[in-house]
Amino acid sequence: QVQLVESGGGLVQAGGSLRLSCAASGSISSINTMGWSRQAPGAQRESIAAIGSGGDRNIADSVKGRFTISRDNPKSTVYLQMNGLKPEDTAVYYCYYRSPWSLTWGQGTQVAVSS
């Protein structure tokens, strides 16, 4: 079983930056993907970024050029650097871990961007 602990959310003004972290612990597979999704009030959950254990990345068009995903494999931690934040980025951000055998979600961290 895998556990995820997220940190780094908060309130920021438009144009500002935040860095989210998500640390995985437990039965970590050497082959896995970690990523981030977000859910704004009244909206469906949106997948925004993912990175494989080999370093391959996917970034949603809605955040491309502003958000960067990276990971530290020895620490089993994934990061989401968010720059140029906009009010429409306001949402609860969820980290996830996916292996050939399981999918685990974090508890979510709130990001609020004021105009």
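Residues numbered from 1 in each chain as written. Predicted model: local features only at pLDDT ≥ 70, side-chain atom pairs only at ≥ 80, totals over all residues. Heavy atoms only, no water.

Asks: Could you give me a rundown of the pattern of salt bridges, with the residues and numbers involved?
Replies: Enumeration over the complete set of coordinates arrives at four salt bridges. The shortest N-O distance in the salt bridge between Lys64 and Asp61 comes to 3.2 Å. For Lys64, a relative accessible area of 52% gives the class exposed. Where salt bridges share partners, they join Arg38, Glu46, Arg66 and Asp89 into one cluster. (Salt bridge = Lys/Arg side-chain N within 4 Å of Asp/Glu carboxyl O. Buried < 20%, exposed > 50% of the residue type's maximum accessible area, 1.4 Å probe, protein only.)

Asks: Let's hear about the sheet that holds strand β8 (residues 77-82): which residues, and what values?
Replies: An order of β1-β3-β8-β7 is seen for the four strands of this open sheet, with the pairing classed as antiparallel. The strands lining the two open edges of the sheet, one partner per strand, are β1 (2-7) and β7 (67-72). Sheet twist, expressed as the average angle between the axes of neighbouring strands with direction ignored, equals 15 degrees. Across six bridges, the pairing between β1 and strand β3 (residues 18-26) is antiparallel. By the bridge assignment for β3, Glu6 is matched with Cys22. (Pairing = 2+ DSSP bridges. Helix = DSSP H or I, 4+ residues; strand = E, 2+ residues; numbered from the N terminus. Axes fitted to C-alpha atoms, helices over the stretch in contact; angles between N-to-C directions.)

Asks: So what's going on with the pairing of β3? Residues and values would help.
Replies: Alignment of β3 against β8, held across six bridges, turns out to be antiparallel. Bridge assignment links Cys22 to a residue of β8, and that residue is Val78.

Asks: How would you sum up the nonpolar core? Please name residues and give values.
Replies: The biggest cluster of nonpolar side chains holds 26 residues, and the ones touching the most others in it are Trp36, Ile48, Leu80, Met82 and Tyr93. Of all elements in the fold, only β1, β3, β4 (33-39), β5 (46-52), β7, β8, β9 (91-98) and β11 (109-114) reach the threshold of two or more residues within this core. Apart from the residues within four sequence positions on either side, Leu80 is in contact with Leu18, Arg19, Leu20, Trp36, Ile48, Ala49, Phe67, Thr68, Ile69 and Tyr93. (Core = buried A, V, L, I, M, F, W, Y, C linked by side-chain atoms within 4.5 Å. Contact = heavy atoms within 4.5 Å.)

Asks: Before we move on, can you summarise the packing of aromatic side chains with the specific residues and values?
Replies: Tallied over the entire structure, the rule returns one aromatic pair. Ring geometry for Tyr96 against Trp105: centres 5.3 Å apart, planes inclined by 55 degrees, an arrangement best described as tilted. Here Trp105 falls in the partly exposed class, since its relative accessible area comes to 38%. Across the ring face of Tyr79, the terminal group of Arg19 is positioned such that the distance to the ring centre comes to 4.1 Å. (Phe/Tyr/Trp six-rings, centres within 6.5 Å; stacked < 30°, edge-to-face > 60°. Lys NZ or Arg CZ within 6 Å of the ring centre and 35° of its normal.)

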